[in-house]
Amino acid sequence: MATIHHIRQAQRAHSPAAVLAIGTANPVTSMLQDEYADYYFRVTKSEHLTGLKDKLNRICNKSGIKKRFMHVNEQLLTAHPDLIDRALPTLDARIDMASAAVPELAASAAAKAIAEWGRPATDITHLIFSTYSGAKAPSADLRLATLLGLRPTVCRTILNLNGCSGGGRALQLAKEIAENNRGARVLVACSELTLVAFYGAQDASLDTIVGQGLFGDGAGVAIVGADPVVVERPLFEMALATQTTIPGTEDAISMQLSTGGLDFHLSSQVPKLLGNNIERVLVDAFRSLGVVDVNVAAPWNDLFYAVHPGGRAILDLIEQVLGLDAEKLAPSRQVLSEFGNMSGATVIFVLDELRRRRAEEEEVPEWGVVMAFGPGITVETMVLHAASSLKENGLAS
Ligand code: CAA
């Protein structure tokens, strides 16, 4: 006779969840960072705001970014000239465009992840979609499921406006689902387009300028599952996940939809707030695991890192506070340099870069950590264990 205990036991996976494949995609149009201020003030017809243009130039120079990809280009602005004016009611048009473009970009990234995974798309049982562009239902998750031909019973979850921590949150949910539903295969998709937040500079708002200096467009997809079958090659096993909210920082990072588009606010204190709290978050995550001795001085160089590169100053402070060797945050800096801050998608790009680098290095740490930061300020942390098939899989990608 079945008991609830037996049913529960049969539902749980045997092994920890792992990232089984990764895919990324970006829009076709790219912008060089040292040309961006000229481009932005020209296409938004705001060249008279010379002080703000100089500031954007200074931010671009210090951003650690060389290039970004953007869905909004001159062609799109010619077709939709209202987008440059924050005062005009453009939200409907932005949402219409984003509803198509956000899942399409996710589908490009997902096609690569599914090809690497080696199983049919219909074997995906769960879909988690994270974006800051969602504002209608059915949403990008259903459109992506349709584009990929997922099974009608796929269990969909949409995370909206989780911002830059969205990728971390989605990976954590994927771990829970995979470990609690034997045989589950979770497709995590993060797709972010600045389309909802692109408008001309306003005299009083430095947030627009900072955002214009940092954010880029991209989609990252990871397939997560436990108990890998023969064709699957785990990259990173997921050991433990935590979420921490830094007290008293609700106003430091925020986003709000308005009739004119999505507004961001990024306090200039964000790097310091993260720098002041990062070590405590890591100690809390690793204390119970016994894989790093948190009681000795500077134990953090024994780990590998997939840190969300929210901005160059954030990486600098984390490196300094944790006493990290320069190569530890190199995957984050590389992604920041090549793509900018793609909000929730960025951390999946960093995992992709990390596995590529690890495949080429001789001595690599066994244990590591994902850290993503977003409104709250929320810190999503996940302890990873590099799977033994990582070398082989990283080279094959
Ligand atoms: N708001 C307004 N102005 C800012 C600012 C901010 N948050 N941060 C910097 N500035 C201004 C400075 O005041 C300075 O202005 P002046 O040149 O007129 O003096 C200018 O930008 C350049 O600043 P610095 O000379 O101090 O240069 P820096 O070394 O600090 O580099 C930076 C500038 C690249 C923006 C750096 O400060 C940085 O990386 N900041 C972190 C950005 C950030 O908060 N990222 C998190 C994004 S949020 C996220 O990822 C999650 C999400 O959910 C959206």
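Definitions and cut-offs
- Residues numbered from 1 in each chain as written.
- Predicted model: local features only at pLDDT ≥ 70, side-chain atom pairs only at ≥ 80, totals over all residues.
- Heavy atoms only, no water.
- Phe/Tyr/Trp six-rings, centres within 6.5 Å; stacked < 30°, edge-to-face > 60°.
- Buried < 20%, exposed > 50% of the residue type's maximum accessible area, 1.4 Å probe, protein only.
- Helix = DSSP H or I, 4+ residues; strand = E, 2+ residues; numbered from the N terminus.
- Lys NZ or Arg CZ within 6 Å of the ring centre and 35° of its normal.
- Near = heavy atom within 4 Å.
- Areas by Shrake-Rupley, 256 points an atom, 1.4 Å probe, with all protein chains shown as cover.
- Nonpolar A, V, L, I, M, F, W, Y, C, P; charged D, E, K, R; others polar.
- Pairing = 2+ DSSP bridges.
- Axes fitted to C-alpha atoms, helices over the stretch in contact; angles between N-to-C directions.
- Contact = heavy atoms within 4.5 Å.

This structure, assessed with the given rule, holds 10 aromatic pairs. Between the aromatic rings of Tyr-40 and Phe-41, the centroid separation amounts to 5.1 Å while the plane-to-plane angle is 85°, which identifies the pairing as edge-to-face. A residue is classified by how much of its surface remains accessible, and Phe-41, at 0% relative accessible area, is buried. For the pair Phe-236 and Phe-304, a centre-to-centre distance of 5.7 Å together with 40° between the ring planes defines the contact as tilted. Of this pair, Phe-236 sits in strand β8 (residues 236-245) while Phe-304 sits in strand β11 (residues 304-307); the two residues are 68 residues apart in sequence, bridging distant segments of the chain. In terms of burial, Phe-236 and Phe-304 fall into one category: buried. Among the aromatic side chains, those forming a connected cluster through ring pairs are Tyr-36, Tyr-39, Tyr-40, Phe-41 and Phe-198. Sitting above the plane of the Tyr-36 ring, Arg-68 keeps its charged end 4.4 Å from the centroid. The ring of Phe-304 has Arg-358 sitting right over it, with the charged end atom 4.4 Å from the ring centre.

Let us now look at the site of the ligand. Around the ligand, the structure places 27 residues, and the nearest of them are Lys-55, Arg-58, Lys-62, Cys-164 and Leu-266. For the ligand, whose free accessible area comes to 1,000 Å², the fraction covered by protein is 79%. When the residues that make up the shell around the ligand are grouped by side-chain class, the tally is 14 nonpolar, 9 polar and 4 charged.

Once that is clear, we can look at unusual backbone geometry. Residue Pro-138 is bonded to the preceding Ala-137 through a cis peptide linkage, with omega at -5°. Summarising the element assignment, Pro-138 is placed in the loop between β4 (126-131) and α6 (140-148). For the bond from Gly-376 to Ile-377, the omega torsion is -10°, close enough to zero to count as cis. Residue placement: Ile-377 occurs in the loop between β12 (367-374) and β13 (378-386). The backbone phi angle of Lys-45 is positive, close to 50°, even though this residue is not glycine. Here Lys-45 lies in the loop between α2 (33-43) and α3 (50-62). A relative accessible area of 65% means that Lys-45 is categorised as exposed.

Time to look at the sheet that holds β4. Spatially, β5-β4-β6-β7-β1-β8-β13-β12-β11 is the arrangement adopted by the 9 strands of the open sheet, whose pairing is mixed. Both edges of this open sheet fall to β5 (155-160) and β11, since each of them pairs with a single strand only. Adjacent strand axes in the sheet meet at a mean angle of 25°, parallel and antiparallel pairs treated alike. As defined by bridge partners, β12 adjoins β13 across 8 bridges and the pair is classed as antiparallel.

What follows covers the pairing of β13. β13 sits mainly inside the fold: 9 of its 9 residues count as buried. Here β13 shows a buried face lined by Thr-378, Glu-380, Met-382, Leu-384 and Ala-386 and a second buried face lined by Val-379, Thr-381, Val-383 and His-385. Relative to β13, β8 runs antiparallel, the two sharing 9 bridges. The residue bridging Phe-236 from the neighbouring strand is Ala-386, located in β13. Connecting the antiparallel pair β12 and β13 is a turn made up of 3 residues, with Gly-376 showing a positive phi of about 150°.

What follows covers the environment of Lys-55. Positionally, Lys-55 belongs in helix α3. Along the backbone, Lys-55 and Gly-260 are 205 residues apart, and their C-alpha atoms lie at a distance of 23 Å. What Lys-55 contacts, discounting residues up to four positions off in sequence, is Leu-206 and Ile-209.

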